Amino acid sequence: MVAMALSTAFTKLFGVQHPVALAPMGGSAGGALTAAVSRGGGLGLLGSANGERGWLARELAIVAGNTTKPWGIGFLTWQIDVAAVELALEHHPAAVMLSFGDPSPFAERIRRAGTPLIIQVTDLEEARRAVDLGADVIVAQGSESGGHGARHGRSTLPFVPVVVDLAAPVPVLAAGGIADGRGLAAALALGAAGALIGTRFQATTEALVTPSTATAIVEGHGADTERNSILDIVRGSNWPSKYTARTLGHPFLDAWRDRETGLATDPHARQDYQLALSQGDIPPLPVWAGEAVDLIDDLPSAADLVHSLAAQAEAALARAGKG
């Protein structure tokens with residue numbers, strides 16, 4: 001299946017072929033995956049999370065050595081400081097993306113560097129703030145997304161067009177529950193300029209995930225995912241309470257479901273978790289996965305995946321146009 005070019009405000013802004021961006025997933029969107037998505041004609045975004053210097057230095061070298069196409073860097077806004085942003089800007093990324101938290105302390109520094117600023121939002125208050133801060137691209141994340149998102153978020157289908165209308169003429173990317181070209185086509189039909197895709201790219205040959213995680217995603221079902229903060233609490237991960245994470249099933253979810261407060265004050269829970277980890281009874285990390293995980297049944301290269309997503313989207317839009 002050969003993709004032509006679906007030209008949008010997003011593809012024109014970054015000079016990329018396809019309206020597809022890699023979600024900068026901390027721990028799995030490393031240099032190899034970022035470069036592969038960019039080589040495939042999308043915008044790879046390195047998932048640098050808290051901006052840890054050693055990780056960034058290693059993975060940035062991999063990106064630089066494996067693509068000459070545009071790529072960017074994404075941060076968890078609540079975890080970083082200005083030094084992390086400064087380090088990223090030294091490498092002249094095509095974009096810096098900020099997610100989860102107040103982007104205000106960093107937005108002007110990024111814009112002053114002449115670097116396009118992408119801000120991910122999970123509600124309309126965050127969307128208005130992103131517009132006020134001068135975001136060049138806004139990502140509207142629906143609650144179907146894998147990994148972290150709003151505890152009380154809205155579904156992608158109704159949320160995206162509201163953000164599109166609010167943000168116009170700023171281009172919007174849809175995120176959450178998009179794992180094939182039909183989802184990309186739907187995003188474009190909603191008025192988005194493309195899609196930011198996470199879970200689907202975890203199941204690629206370049207993703208920094210364990211084989212067991214890749215297998216779990218390929219074999220997983222959307223009905224088995226749930227949004228929770230239990231696994232953050234027991235791992236000692238200090239995510240803001242506004243955001244929970246959608247994961248596949250996990251023994252600690254079953255043991256502590258609907259008992260988050262008790263878990264946070266239980267002196268033995270974290271010890272039990274660490275013991276289970278050391279004994280191999282639970283996976284090293286939760287398996288972050290979105291509701292569209294049912295649509296994932298293989299482990300392609302990310303570059304090939306970008307092309308197939310675009311080709312599928314074109315075919316879906318052509319079918320829709322026939323009435």
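About the cut-offs
Residues numbered from 1 in each chain as written. Predicted model: local features only at pLDDT ≥ 70, side-chain atom pairs only at ≥ 80, totals over all residues. Heavy atoms only, no water. Phe/Tyr/Trp six-rings, centres within 6.5 Å; stacked < 30°, edge-to-face > 60°. Lys NZ or Arg CZ within 6 Å of the ring centre and 35° of its normal. 1 Å grid on protein atoms, 1.4 Å probe; cavity = no way out; pocket = protein on both sides within 12 Å on 5 of 7 lines; lining within 4 Å. Points joined across faces, edges and corners; volume = space filled by probe spheres on them. Helix = DSSP H or I, 4+ residues; strand = E, 2+ residues; numbered from the N terminus. Nonpolar A, V, L, I, M, F, W, Y, C, P; charged D, E, K, R; others polar. Axes fitted to C-alpha atoms, helices over the stretch in contact; angles between N-to-C directions. Parallel < 35°, antiparallel > 145°, perpendicular 65-115°, else oblique. Left-handed = near helix turned anticlockwise from the far one by under 90°. Contact = heavy atoms within 4.5 Å. Buried < 20%, exposed > 50% of the residue type's maximum accessible area, 1.4 Å probe, protein only. Salt bridge = Lys/Arg side-chain N within 4 Å of Asp/Glu carboxyl O. Polar contact = N/O pair within 3.5 Å; in protein donor to acceptor, adjacent residues only side chain to side chain. Pairing = 2+ DSSP bridges. Right-handed = clockwise from strand over helix to strand, strands pointing away.

Asker: Tell me about the packing of aromatic side chains, residues and numbers included.
Answerer: The way to describe two aromatic rings as a pair is by their centre distance and the angle between their planes. Taken as a whole and assessed by the stated rule, the structure comprises six aromatic pairs. Chaining the aromatic ring pairs together yields one cluster made of Trp78, Phe100, Trp239 and Tyr243. Over the face of the ring belonging to Trp256 we find Arg259, whose NZ or CZ atom lies 4.3 Å from the ring centre.

Asker: Please give an account of the layout of surface pockets that cites residues and values.
Answerer: Of the volumes computed, that of the second largest pocket is approximately 180 Å³. Contributing to the lining of the second largest pocket are Ala179, Asp180, Arg182, Arg200, Leu295, Asp297, Asp298, Pro300, Leu305, Ser308, Leu309 and Gln312. Top element by residues in the lining of the second largest pocket is helix H15 (residues 302-321). It accounts for four residues. Partitioned by chemical class, the residues of the lining of the second largest pocket number five nonpolar, two polar and five charged.

Asker: Any chance you could break down the packing of helix H2 (residues 31-39) against helix H3 (residues 53-66) for me, citing the residues and the numbers?
Answerer: Between H2 and H3, the shortest axis-to-axis distance is 7 Å and the interhelical angle comes to 30 degrees. As judged from the angle between their axes, H2 and H3 are roughly parallel. The hand of the H2/H3 crossing is right-handed. Between H2 and H3, the residues in contact are Gly31, Ala32, Thr34, Ala35 and Arg39 and Glu59, Ile62, Val63 and Asn66, respectively.

Asker: With reference to specific residues and values, describe helix H4 (residues 82-89).
Answerer: For H4, the full list of buried residues reads Ala84, Val85, Leu87, Ala88 and Leu89. Looking at the buried side of H4, the elements it contacts are H3, strand S3 (71-76), strand S4 (95-99) and helix H5 (104-112).

Asker: Lay out the environment of Leu76 with the relevant residues and their values.
Answerer: When you line up the elements, Leu76 lands in strand S3. Classification of Leu76 by relative accessible area gives buried; the value is 17%.

Asker: Explain the pattern of salt bridges residue by residue, including any values.
Answerer: Under the criterion given, the structure shown has 13 salt bridges. Taking the shortest distance from any N to any O, the salt bridge between Glu291 and Arg246 comes out at 3.3 Å. Of the two residues, Glu291 is situated in the loop between helix H14 (269-278) and H15 and Arg246 in strand S11 (residues 243-247); the sequence distance between them amounts to 45 residues. Classification of Glu291 by relative accessible area gives partly exposed; the value is 38%. When the shortest N-O distance is used, the salt bridge between Asp254 and Arg257 registers 3.1 Å. On the basis of relative accessibility, which here comes to 34%, the residue Arg257 falls in the partly exposed class. Because the salt bridges share partners, they merge into one network encompassing Asp123, Glu126 and Lys242.

Asker: So what's going on with the environment of Gln202? Residues and values would help.
Answerer: Mapping Gln202 onto the fold places it in helix H9 (residues 199-202). Taking C-alpha positions, Gln202 is 23 Å from Thr11, a pair spaced 191 residues apart along the chain. Apart from the residues lying within four places of it in its own chain, the contact partners of Gln202 are Met25, Ser28, Ala207, Val209, Ile217 and Trp288. Looking at Gln202, its side chain comes within polar contact range of the main-chain oxygen of Trp288, at 2.9 Å.

Asker: Can you tell me about the packing of H4 against H5, naming the residues and giving the values?
Answerer: Running from N to C, H4 and H5 cross one another at 25 degrees; their axes reach a closest spacing of 10 Å. With respect to H5, the element H4 is oriented roughly parallel. Here H4 runs over H5; the crossing is right-handed. Contacts from Val82, Val85, Glu86 and Leu89 of H4 reach H5 at Pro105, Phe106, Arg109 and Ile110. Partitioned by chemical class, the residues of the contact of H4 with H5 number six nonpolar, no polar and two charged.

Asker: Quick one: what's the story with the pairing of S3, residue by residue and with numbers?
Answerer: Consecutive side chains along a regular strand alternate between the two faces of the sheet. Of all the six residues making up S3, six are buried; the element is thus mostly covered by neighbouring parts of the structure. Of the two faces of S3, both are covered, the one formed by Trp71, Ile73 and Phe75 as well as the one formed by Gly72, Gly74 and Leu76. Two strands pair when backbone bridges link them, and S3 and S4 are joined in this way by five bridges, in the parallel orientation. For Gly74, the partnering residue across the bridge sits in S4 and is Met97. Read as a crossover between parallel neighbours, the route from S3 over H4 to S4 is right-handed.

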